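# Report on the structure
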Amino acid sequence: MLRNCPVDVISVCSADGSIKPLRLRMEDEEHQLLRVDIDEVISVKEIQYVGIEAHVFLCRATVRGKEWMFELKYTIRTHSWCIMRKVY
Amino acid sequence: MAERVIFHVDANSAFLSWTAAYKVKVLGEEQDIREVPSVVAGDRASRHSIILAKSTPAKKFGIQTGEPLFQALEKCPELVIVPPDYELYVEASRHFVEMLRQFSPAVEQYSIDEAWVDMTGTQRLWGSPRLAAEKMRTRIWEELGFTVNVGISSNKLLAKMAGDFEKPNKVHTLFPEEMAAKFWPLPVRDLFLVGSATERKLKMLGIYTIGDLAKADVRVLKKRLGKHGETIWHFANGRNADAVTPEPAENKGYGNSVTTARDVTTFEEGHQVLLSLCETVASRMRRDSKCGSCLTIHLRTNEFHHFSHQSQLLGATNITGEIYREACRVFDEAWDGVTPLRQLGVQMTKLSGEPYQQFDFFSGMSPEQFEKKLKLDETVDALRDKFGEDAIRRGKFANKPGEHMAGGLHKSRRTGVTKPVPKEF
């Protein structure tokens, strides 16, 4: 179960201030580096649970021939990215 | 003028639910500590570790906020203990108040986790008070991830009482016309500003419920309890005209206390602790250019009995040495010298901020001596500000264990949420 997994991300910060993740890199179960190109950002929402502001991107990507849908979170204060949960 | 509408908004077991919300919503943990017996408390090994907040299941074991951790563990050995995270609480509190400001500009923060909101005249914007409160509660839950209680009434006191009714995650109203049904049957102890001492006195007068107090003769109350009697009588009748003031009020007193590493059993040890407290209290007063003329010593024994002793000074002062001398005198009077003490506190009240000094015939201190002592203390303050608290210490603390500046919050907890943080920290 993929949950709350910290990842490296390449993203675009546009001129209007919006952020769009393009590619991420993570460690899989066998401790192999896995590179994932994000095919589509379906939705973005801003959250601030307990006052911690973050952006949550619902993303679609193809990983090893299978389609993944997952929530990618960017925490503003720490500038860190993580996969919050995998939908499927 | 339209009827006032005041909300009292209180985060349910704030520290615990903020930690819980952080763990579940931010870290993505599965277990919600709100659903198991859990507490927020300091280091298990530390002697003065006390329960800062508890979950509802922990409450069922009879665990109370403020009791020592070891006692709570005796009641429930499986207790989940989470350490406090002040940075998180400050952030949560800031967003909590910001959220309230979106409903009304008049928000008065009462503590880190509760605030009053003046919602008078917002009916066209947010609907009826109940509806507005529901919106507020839901938004805080959905956006910030924790639950609050909202008390609605026409003044601050009744709103606060309503907020305390049934927890968690509820909206309650307590308008003056509802007092007979909801407010008066409650035990008198539940009333704001009624503690155990007042409760005892009231019981001797045959007053057991808030209703009894409301119907009591105010002259009798005044005679027995002084001015406080009249205040709580007005409270029991739901009368309180205080406005919601967004600016924090000025300090009414300066006090610090410390739980010592081991029990105090001799006068000498006691005096040393008092001196370390006087140092911090007096330096805080000097920073705000305030003098105090009433000194109170608080003592707590190893069996958690609390007692205090007060003394009226001849003139107002903020000189460390002066306060210390008086504190020792009061301490020697109050303590039997046998009972082990675990906590000592020093408090200065009856403040004056006058730029002049009233001298007296009896203390034997001339204006020149006073000036000299003040100058010395101010120099010490300046040194400590610049080079740290340990830069200079009194000879009494040389080669001895124990802090030389005791009490007050640890630096990590000086948050500035309810009180501004002095800039040099």
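Residues numbered from 1 in each chain as written. Chains lettered and ligands numbered in written order. Predicted model: local features only at pLDDT ≥ 70, side-chain atom pairs only at ≥ 80, totals over all residues.

## Details of the overall build of chain B
Formally: Under the DSSP-based scheme used, a helix requires at least four consecutive residues in state H or I and a strand at least two consecutive residues in state E, with every element numbered from the N terminus. Taken over C-alpha atoms, the radius of gyration is set against a globule rule of 2.2 Å times the number of residues to the power 0.38. Burial in this document is a count-based property: other C-beta atoms within 10 Å of a residue's C-beta are tallied, and the residue is buried at 20 or more, exposed at 12 or fewer, or partly exposed in between, with C-beta positions derived from the backbone. Residues are treated as contacting if the C-beta atoms built from their backbones sit within 7 Å of each other.
Looking only at helices and strands, one finds 15 helices and 12 strands in chain B. A compact globule built from 425 residues would reach a C-alpha radius of gyration of about 22 Å, and chain B, at 24 Å, matches this within 12%. In terms of overall dimensions, chain B has a C-alpha envelope of 65 × 55 × 40 Å along the principal axes. Counting all 425 residues of chain B, 34% fall into the buried class. Across chain B, contacts joining residues at least 24 apart in sequence account for 61% of those joining residues at least 6 apart.

## Thoughts on the pairing of strand β12 (residues 341-352) of chain B
Residue and element names in this part refer to chain B. Quick reminder of the rule: Should DSSP find at least two bridges between two strands, the strands are regarded as paired.
Summarising the sheet, strand β9 (residues 254-264) and β12 pair through 7 bridges and their orientation is antiparallel. Within the sheet, the bridge partner assigned to Y254 lies in β12 and is M348. Examined bridge by bridge, strand β10 (residues 291-301) and β12 share 10 bridges and lie antiparallel to one another. By the bridge assignment, L299 is partnered in β12 with L344.

## Things to note about the interface of chain A and chain B
What counts, and what does not: Gly is put with the polar residues, along with every residue not named as nonpolar or charged; the nonpolar set is Ala, Val, Leu, Ile, Met, Phe, Trp, Tyr, Cys and Pro, and the charged set is Asp, Glu, Lys and Arg.
The partner chain B presents 16 residues to the 9 residues of chain A that form the contact. Residues of the side of chain A that touches chain B, tallied by class, amount to 4 nonpolar, 3 polar and 2 charged.

## Topic: the sheet that holds strand β2 (residues 38-41) of chain B
Residue and element names in this part refer to chain B. The cut-off we apply is this: Convention adopted: a line fitted to C-alpha atoms gives each axis, helices being fitted over their contacting stretch, and angles between N-to-C directions are expressed from 0 to 180 degrees.
Here we have 3 strands laid out as an open sheet, ordered β3-β2-β4, and mixed in their pairing. The sheet is open, and its two borders are formed by β3 (51-54) and β4 (80-82), each paired with just one other strand. Direction aside, neighbouring strands of the sheet carry axes that sit 30 degrees apart on average. Taken together, the 3 bridges between β2 and β3 define a ladder with antiparallel strand orientation. Note that in β3 the partner of V40 across the bridge is A53. Of the strands in this sheet, β2, β3 and β4 touch helix α1 (residues 14-26), which is tilted by about 65 degrees from β3.

## Looking at the packing of helix α4 (residues 86-101) of chain B against helix α6 (residues 129-144) of chain B
Residues and elements named next belong to chain B. As a reminder, the rule being used: Convention used here: angles under 35 degrees read as roughly parallel, angles over 145 as roughly antiparallel, angles from 65 to 115 as roughly perpendicular, and any remaining angle as oblique. If you view the pair so one helix is near and one far, a crossing is left-handed when the near helix is turned anticlockwise from the far one by less than a right angle, and right-handed when it is turned clockwise.
Running from amino to carboxyl end, α4 crosses α6 at an angle of 140 degrees, the nearest separation of the two axes being 11 Å. Looking at the two axes, α4 sits oblique to α6. Like other packed secondary-structure pairs, α4 and α6 cross with a definite hand, here right-handed. Judged by residue contacts, H95, F96 and M99 of α4 engage R139, I140 and L144 from α6. Class assignment of the residues belonging to the contact of α4 with α6 gives a composition of 4 nonpolar, 1 polar and 1 charged.

## Some words on helix α13 (residues 267-287) of chain B
It helps to recall that an α-helix has 3.6 residues per turn; residues three or four apart then point in one direction. Residue and element names in this part refer to chain B. Quick reminder of the rule: Expected span of a helix: the number of residues minus one, times 1.5 Å.
The end-to-end C-alpha distance of α13, which contains 21 residues, comes to 30 Å, matching closely the 30 Å that a straight helix rising 1.5 Å per residue would cover. Of all the 21 residues making up α13, 15 are buried; the element is thus mostly covered by neighbouring parts of the structure. Looking one or two residues beyond α13, the residue adopting positive phi is S289, at roughly 50 degrees.

## Details of the nonpolar core
Quick note on the threshold: When buried Ala, Val, Leu, Ile, Met, Phe, Trp, Tyr and Cys residues are joined through C-beta atoms within 7 Å, the set is termed a nonpolar core.
A:V50, B:F7, B:W18, B:V39, B:V117 and B:L213 are the most contacted members of the largest nonpolar core, which totals 71 residues. Considering every element that reaches this core, the biggest residue donor is α1(B), with 8 residues. Ignoring sequence-local partners within four residues, the contact set of A:V50 consists of B:W18, B:A21, B:Y22, B:K25, B:V26, B:L88, B:E91, B:A92, B:L144, B:G145 and B:F146.

None of this, on its own, says anything about what the molecule does.
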